[in-house]
Amino acid sequence: MEIDMKFRIGKIVLLVLIIAAASFSPKKANAEVKEYNLEIDYKTVNYTGKEKRAMSVNNSIPGPTLYFKEGDIARINVKNNMDMNTSVHWHGVLVPNRADGVSYLTTPPIKPGMTYTYEFPIKQHGTYWYHSHTGLQEQLGVYGSIVIEPLEQRVDIQEPDIDHVIVLSDWTDQNPNEVLRDLKRGSEYQSYRKGSMQTLLGVIKNKAIIENLKRSLRRMPPMDISDVAYDSFLINGEPMSTLKVEPGKTVRLRIINAGSSTYFYLNYAGGDIQIISADGIDVEPIDVDRLLIAIAETYDVLLNVPEEGAYEFRATAQDGSGHASLFIGEGEQVLAQDIPKPNLYKMDHSHHMNKDPGMEMDRSDSDRKTHDMKGMTHGNMGNDSMEMSMSETMKMVENPRPLPPYNKLRSLESTELPPENKTREVVLNLTGDMERYIWTINGKTLSEDDKILIRKGENVRFVLVNKTMMHHPMHLHGHFFRVLNDQGEYSPLKHTVDVPPLGSAVIEFEANEEKDWFFHCHVLYHMLSGMSRIVSYEGSVIDPDIKEIRPKLYRDPLYYWADVTILSQMTDGIAVISNTRNIISARWEAGWEDEEYEIELTYNRYINRFITVFGGADITNEEQKTRGIFGIRYLLPLLIDSTVWIDTDADLRIILDKEIRLTSRLSTFGELQYDTESKWEWKAGGAILINKWLSLVGQYYSEFGGGGGIQIRL
Ligand SMILES: [Cu+2]
């Protein structure tokens, strides 16, 4: 009796407390200021057994998760402890223009030792992230997560027991500036290091001779999925970790792809993945057995821990070069299925020209069949563990390497734009040159064509057409756009959209902002190589302090490199200083025996992938003497480089060059030259790649004879 009374009193007290709390709750009262202090500094890391200098936020990679509630005021003090400028962009968070954090475009950079305070109202909820928008700092570790709690909890999904944020990233021990220089010089070192180099041996082994021939006749470069060779892939800064969860519980995983140039396939050993939000915005729940997350996207998913065991949630780099794992649960590890590696030789893109973004992009049908067949043979071998893998493979996998699940994403509400608005349609071709590593929009870099002008109050539609062999995750600052898909009126809202190789995407948004916003490819190395634009509201006034520093946004840095070949009979090579369009080069050839030399000094203007024009001087101690030259370099079918020049003595020279990779280390090359004065010359040889800096070379040259030696890459 007594106990019962106590309970009742307890209940009444509790009820009173709840009512009191409710009436005092700051529903319409002043918004709460939520303040964070972030410090950006260098940090020594060791992901591979070697100590390297990275960059961190609050001494952590990734930086801390910033929690807010819808309606809060965010105040974030960012202190720069480094000896170089930095910045922070709040990816997907709708902030006032000046708080957007893109140095020189909207926000001044944070100078060494300085603190910048970002303050903005939180007008949305969901999973977002932040990262440096300066140089290659994102690759080095300046990123973290943002979680914004909604005012009202969602009721159309299973209530999760655990809420957990995971930040995916990629790490290389190489200095990212050096990686970019490597890509700019057309070095094949990154793909060699990654094992994704396409070779003649590979073509033969994969019976891809016809495809390969057709492709090079069309002057298309070989397919590649990613450019950079990574040493490690990380989930919350670790290649492998565990999240302890009891069996039967449900986890809400907030997944952020903070990789600098890696898409990840996500799959789970404990069953299907239920997508509940994309880019922070709730969508109708859908179950997928795996999904491809593009760079800079976020997905919230629900996972169940079926029973006793630690179930692997795996993020596999799209190029198959590695993965990171989070084991969810307790006890024995249950591994997720392997995502089949891409076969670069069998990527026939001709059937991807259509607009269906749900279509398989990365594997041909025949390839898929082989994979399934393999699974079958495994199963037929009959022991228990094989039986297991049999049932695993027998599970209907619609597509082992799907594209992002855009077609299935359905908004909870209609996302149609106001029909009374005028519509502006802008076609943006995503273009590029893998060889010189220049990435462009409509063939131009940011510094050549900076603005896409729009007007407040109109509906803006971007038709994104990818003309390249790589994926481009396009991100628009300050806006959410609809990704037009099969869901019509309910097309999902996103801040980042993948445009697959030779595929397309159509996005649209209401122009309801002001000033300038960045629109760019979120492959960090593509953005820095020119693939960006400023979406600019007509008639906006730029803050004077920003206007003053704006030119720095258009910086087109110079890169230097040289290939020096020293052989027993001769030396030849090339030294280059280059930015996007301008190339100053010196090529030379000299024989030791007869002391003959020829040096070609030129200024080259790069027009596009196919054409470069040049003028300069050809300096020699042969009969022809020194003369002025003017000519064109042109890429021929079969990817043969040709050069034609006319000199000041009215002589004509034609040079054809071709290099063929036989294996990942072995290559062969040939050059044929005809000059109306000096007639025929030719050169042929082979090289063995030793490391990034060195190759062994054997070469015969009609002028100087045969010999062997080394090539040094500086
Ligand atoms: Cu790109």
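Our subject is the structure listed above.
In this text, all values refer to a predicted model and were calculated from it rather than measured experimentally. Within each chain, residue numbers correspond to sequence positions counted from 1 in written order. The model is predicted, so local features are restricted to residues of pLDDT at least 70 and side-chain atom pairs to those at 80 or more, both for listing and for counting; the totals for chains, interfaces and linings are taken over all residues. Calculation of side-chain values draws on the structure's entire complement of heavy atoms; hydrogens and water are dropped beforehand.

### Digging into the overall build of the chain
Condition: Secondary structure counts use DSSP, requiring at least four H or I residues in a row for a helix and at least two E residues in a row for a strand, with both numbered from the N terminus. A simple rule labels every residue: compare its accessible area, found with a 1.4 Å probe on the protein chains alone, to the largest value its type can have, and call it buried under 20%, exposed over 50%, or partly exposed in between. Per-residue and other accessible areas were derived by the Shrake-Rupley procedure at a 1.4 Å probe size, with only the shown protein chains allowed to occlude residues.
The helix and strand inventory of the chain stands at 10 helices and 43 strands. Here the chain, with 714 residues, has 53% of them falling under the buried criterion. Summing over all exposed atoms, the chain offers an accessible surface of approximately 32,300 Å²; the carbon and sulfur share of this is 56%.

### Topic: the coordination of the copper ion
Put simply, the rule reads: Sodium, potassium and calcium take a 3.2 Å donor cutoff, other metals 2.8 Å, and in both cases only N, O and S atoms count; water is not among them, so sites may look incomplete.
On the protein side, the copper ion has H472 (ND1), C521 (SG) and H526 (ND1) as donor atoms, found 2.0 Å from it. Classification of C521 by relative accessible area gives buried; the value is 0%.

### Notes on the nonpolar core
Let me state the cut-off plainly: Here the nonpolar core consists of buried residues drawn from Ala, Val, Leu, Ile, Met, Phe, Trp, Tyr and Cys, with membership extended through side-chain atoms lying within 4.5 Å. Throughout, the edges of the domains are those of an automatic or database domain assignment. Any two residues having at least one pair of non-hydrogen atoms within 4.5 Å are treated as being in contact.
Counting residues in hydrophobic clusters, the biggest one holds 133 residues, and the most contacted among them are W90, F313, I328 and F462. The residue makeup of this core includes at least three contributed by each of domain 1 (33-149) and domain 2 (559-713). Non-local contacts of I328, meaning those with residues more than four positions away in its chain, are made with L243, V245, V251, L253, Y268, L303, V305, G309, A310, Y311 and F313.

### Focus on the pattern of salt bridges
Put simply, the rule is: By salt bridge we mean one thing: a side-chain nitrogen of Lys or Arg within 4 Å of a carboxyl oxygen of Asp or Glu.
By the definition in use, this model includes 43 salt bridges. Across the pair E448 and R581 runs a salt bridge whose closest N-O atoms are separated by 2.5 Å. Separated by 133 residues along the polypeptide, E448 in the loop between β22 (438-441) and β23 (451-454) and R581 in the loop between β33 (570-578) and β34 (582-591) bring together distant segments of the chain. We classify R581 as buried; its relative accessible area is 10%. The salt bridge involving D675 is made with R653; its shortest N-O contact spans 2.7 Å. Of the two residues, D675 sits in strand β40 (residues 666-675) while R653 sits in strand β39 (residues 652-661), which places them 22 residues apart along the sequence. Each member of the pair, D675 as well as R653, carries the same accessibility label: buried.

### Some words on helix α3 (residues 176-184)
For the α-helix, the turn length of 3.6 residues means that residues three or four positions removed from each other point alike. Where we set the bar: Polar contacts, as counted here, are pairs of nitrogen or oxygen atoms within 3.5 Å of one another; within protein the pair requires one atom able to donate a hydrogen and one able to accept it, and residues that are adjacent in sequence qualify only if both atoms are side-chain atoms.
Across the 9 residues of α3, 7 count as buried, placing the element largely inside the fold. Among all positions in α3, only P176, V179, L180, R181, D182, L183 and K184 are buried. Elements that come into contact with the buried residues of α3 comprise α2 (137-140), α4 (189-194), α9 (524-527) and β32 (559-567). For α3, the N-terminal cap is N175; the gap from its side-chain oxygen to the backbone nitrogen of N177 is 2.8 Å. In the stretch just after α3, G186 is the one whose phi turns positive, near 75°.

### Quick notes on the environment of E677
Mapping E677 onto the fold places it in the loop between β40 and β41 (679-689). Classification of E677 by relative accessible area gives partly exposed; the value is 40%.

### Structural notes on the packing of aromatic side chains
Worth spelling out the cut-off: Paired rings are identified among Phe, Tyr and Trp, the last through its six-membered ring, by centres lying within 6.5 Å, and are further divided according to the angle between planes into stacked (under 30 degrees), edge-to-face (over 60) and tilted (the rest). Charge-over-ring placement is defined geometrically: NZ (Lys) or CZ (Arg) within 6 Å of the ring centre, and within 35 degrees of the ring normal.
Scanning the model with the defined rule gives 16 aromatic pairs in all. Aromatic pair F233 and F264: ring centres 5.8 Å apart, planes at 90°, arrangement edge-to-face. With F233 in strand β10 (residues 232-235) and F264 in strand β13 (residues 264-268), the pair connects residues that are 31 residues apart, well separated along the chain. Since its relative accessible area comes to 1%, F264 is described here as buried. Geometrically, the ring pair formed by Y437 and W439 is edge-to-face, given 5.6 Å between the ring centres and 80° between the ring planes. Every member of this aromatic cluster is reached through a ring pair, and the members are W90, Y116, Y118, F120 and Y130. Taking the ring centre of F610 as reference, the NZ or CZ of R219 above it sits at 4.0 Å. Sitting over the ring of Y606, R436 keeps its end group 4.5 Å from the ring centre.

### Brief notes about the pairing of strand β35 (residues 597-606)
In plain terms, the rule: A pair of strands is considered paired only if DSSP assigns at least 2 bridges between the two.
With burial as the criterion, only one face of β35 is covered, namely that bearing E598, E600, T602, N604 and Y606; the residues Y597, I599, L601, Y603 and R605 on the opposite face remain uncovered. By the bridge criterion, 9 bridges tie β34 to β35 in an arrangement that is antiparallel. Bridge pairing in β35 links W588 to I599. With antiparallel pairing between neighbouring strands as the criterion, β34 and β35 make up a hairpin whose turn holds 5 residues, including E595 at a positive phi of roughly 55°. The sheet contact formed by β35 and strand β36 (residues 611-620) spans 9 bridges and is antiparallel. Of the residues in β36, the one forming a bridge with R605 is V613. The loop that links β35 with its antiparallel partner β36 comprises 4 residues.

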